[in-house]
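One-letter residues, chain by chain:
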Amino acid sequence: MTIAAAERDSLSEVAGRLAGILLGRDRTVSDPSASELEFEPVLEPRRLEAPGRPPEVWAVDGGQALVADARCLQVFVTRSALVCFRDGRCVVEEEGPLHAHLLGTGEAGGQRTPDLPEGAPVDVNLLRDREEWMAVAAAVDRAVPGSVVLVDGDLVPDWRIPADVVPGIIERAVARGVSLAAVTKHSSLARGGAPLIGQLELEAAQLFGPRTRWWVPVGRTREGSRWPDLQVVVARLDPDARYAFRVDLPSGSDPEAVLTTVAGVSDDAGFPGYPYPLSVADRLAACPGWLRAETWLALDEALEQAGVSAETRERAFDDRHRMMERHG
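Residues numbered from 1 in each chain as written. Predicted model: local features only at pLDDT ≥ 70, side-chain atom pairs only at ≥ 80, totals over all residues. Heavy atoms only, no water.

Caption draft 1: Main features of the overall build of the chain. Counting its secondary structure elements, the chain contains nine helices and 14 strands. Taken along its principal axes, the extent of the C-alpha atoms in the chain is 65 × 60 × 40 Å. When burial is assessed residue by residue, the chain has 43% of its 328 residues classed as buried. Of the contacts made within the chain by residues no fewer than 6 positions apart, 68% connect residues no fewer than 24 positions apart. Looking at the chain as shown, the accessible area adds up to about 17,800 Å², and 52% of this sits on carbon and sulfur atoms. (Helix = DSSP H or I, 4+ residues; strand = E, 2+ residues; numbered from the N terminus. Buried < 20%, exposed > 50% of the residue type's maximum accessible area, 1.4 Å probe, protein only. Contact = heavy atoms within 4.5 Å. Areas by Shrake-Rupley, 256 points an atom, 1.4 Å probe, with all protein chains shown as cover.)

Right, dumping it as structure tokens:
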């Protein structure tokens, strides 16, 4: 493939603007995806002490897949996975049942499920997020005191989740002596418009050397925010880790104590620095292509038994865009 002169000019213009951001001196920290955090005026990396050994580490993740798409109507499946590690061994491994959802019917929150706000628009992201928080609550209830419950992503629920759900889970965790921590693999945090975590990784390496665990307090929820009361840090959790991650913690947590505990399960050789229980939960929650295909076959059979003809099913759900590309 060759790039035309006009296309090359366009790419050069974008590269120039991007270089100005990446090499700029602006130290303003921001999060383009949200505005409910008050950021620290100065971000200083701190050494993280040796990993701890929690009695249990639980991890939760959710998955989804589009099974049938008629554009005006769609069928999705969602599920949430739950794992528990004790003494370095996985003792709970639950991939969670698949839940099928028909979207596009105009049903709003309250109509679909009574625990959602009346009239709120419903999509698959909301349904998956709701399922994940139910799994987090279950993990908190099953964890022994001193344990950590890990969440994939952040501690900020979908805006349509009732405001008291996550604070309620945090209160239950505190009452049971269980820590909560949410890990974001790819953060939108920025400084001067450039990716913040990459900058902190370079600065910490210069400050401490290449094989050091470290963490940086980044910000806290604004007073009066609709978000749960939380703190955000960035942490590198293993000496061999290539990457640091954003970690959300309840505001009352001792960040260093929780991070050293999470570091104790972040030394997997395959992906050092990322909590291994979350990797297992992610694998369990995934809805791969074969599962989508099997679900579609089951749905197709159920539609046939309900009297929907093969021609009607085909006309409704054929991917016309893909067919045109295939024969173009």
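Caption draft 2: How the structure looks around the sheet that holds strand β1 (residues 29-30). Strand order across the open sheet formed by three strands is β1-β10-β11, with antiparallel pairing between neighbours. Lying at the two open borders of the sheet, with one neighbouring strand each, are β1 and β11 (194-195). (Pairing = 2+ DSSP bridges.)

Caption draft 3: Focus on the pairing of strand β13 (residues 230-236). β13 sits mainly inside the fold: seven of its seven residues count as buried. Burial along β13 is two-sided: Leu230, Val232, Val234 and Arg236 facing one way and Gln231, Val233 and Ala235 facing the other are all buried. Relative to β13, strand β12 (residues 214-221) runs antiparallel, the two sharing six bridges. In the strand pairing of β13, Trp215 is matched with Ala235.

Caption draft 4: View of the side chain of Ser80. Assignment of secondary structure puts Ser80 in strand β5 (residues 74-86). Look past the residues within four positions of Ser80 in its chain and what remains in contact with it is Asp61, Gly62, Glu94, Glu95, Gly96, Glu131, Glu132 and Ala135.

Caption draft 5: Seen up close, the packing of helix α2 (residues 124-142) against helix α3 (residues 165-176). Close contact between α2 and α3 brings their axes to 9 Å; oriented N to C, the two are set at 10°. It follows that α2 is roughly parallel to α3 by the angle criterion. Where α2 crosses over α3, the two elements pack in a sense that is left-handed. Contacts between α2 and α3 involve Trp133, Val136, Ala137, Val140, Asp141 and Arg142 from the first element and Val165, Val166, Ile169, Arg172, Ala173 and Arg176 from the second. Here the contact of α2 with α3 is composed, by residue class, of eight nonpolar, no polar and four charged. (Axes fitted to C-alpha atoms, helices over the stretch in contact; angles between N-to-C directions. Parallel < 35°, antiparallel > 145°, perpendicular 65-115°, else oblique. Left-handed = near helix turned anticlockwise from the far one by under 90°. Nonpolar A, V, L, I, M, F, W, Y, C, P; charged D, E, K, R; others polar.)

Caption draft 6: Representation of the nonpolar core within the structure. With 40 residues, the main nonpolar core has Trp58, Val136, Val149, Leu180, Trp214 and Val234 as its most contacted residues. Ranked by residues supplied to this core, first place goes to α2 with six residues. Apart from the residues lying within four places of it in its own chain, the contact partners of Trp58 are Leu82, Val83, Cys84, Val92, Ala139, Arg142, Ala143, Val148, Val149 and Leu150. With 28 residues, the next largest nonpolar core counts Val148, Phe245, Val265 and Tyr274 among its residues. (Core = buried A, V, L, I, M, F, W, Y, C linked by side-chain atoms within 4.5 Å.)

Caption draft 7: Broad picture of the pattern of salt bridges. The final tally for this structure, using the stated rule, is 18 salt bridges. Across the pair Arg283 and Glu93 runs a salt bridge whose closest N-O atoms are separated by 3.9 Å. On the criterion of sequence distance, the pair formed by Arg283 in helix α6 (residues 276-285) and Glu93 in strand β6 (residues 89-94) is long-range, its members being 190 residues apart. Given the relative accessible area of 46%, Glu93 is considered partly exposed. Of the charged contacts, one joins Glu132 and Arg128 as a salt bridge, the two residues approaching to 3.3 Å between their closest N and O atoms. Here Glu132 and its partner Arg128 are both found in helix α2, four residues apart, which amounts to about one turn of the helix. A cluster of three or more residues bridged by salt bridges with shared partners is formed by Arg27, Arg191 and Glu203. (Salt bridge = Lys/Arg side-chain N within 4 Å of Asp/Glu carboxyl O.)

Caption draft 8: How the structure looks around the packing of aromatic side chains. The tally for this structure, following the rule as stated, stands at five aromatic pairs. Relative to Phe271, the ring of Phe245 lies with its centre 6.2 Å away and its plane at 75°, an arrangement referred to as edge-to-face. In this pair, Phe245 sits in strand β14 (residues 245-250) while Phe271 sits in the loop between α5 (255-263) and α6, placing the two residues 26 residues apart along the sequence. For Phe271, a relative accessible area of 32% corresponds to the partly exposed category. Each ring, one from Trp296 and one from Phe317, has its centre 5.6 Å from the other, and the planes form 70°; the classification is edge-to-face. Residue Trp296 is found in helix α7 (residues 289-305), and its partner Phe317 is found in helix α8 (residues 310-317); the two are separated by 21 residues along the sequence. Note on Phe317: relative accessible area 23%, which makes it partly exposed. (Phe/Tyr/Trp six-rings, centres within 6.5 Å; stacked < 30°, edge-to-face > 60°.)

Just geometry here; none of it tells us what the structure is for.
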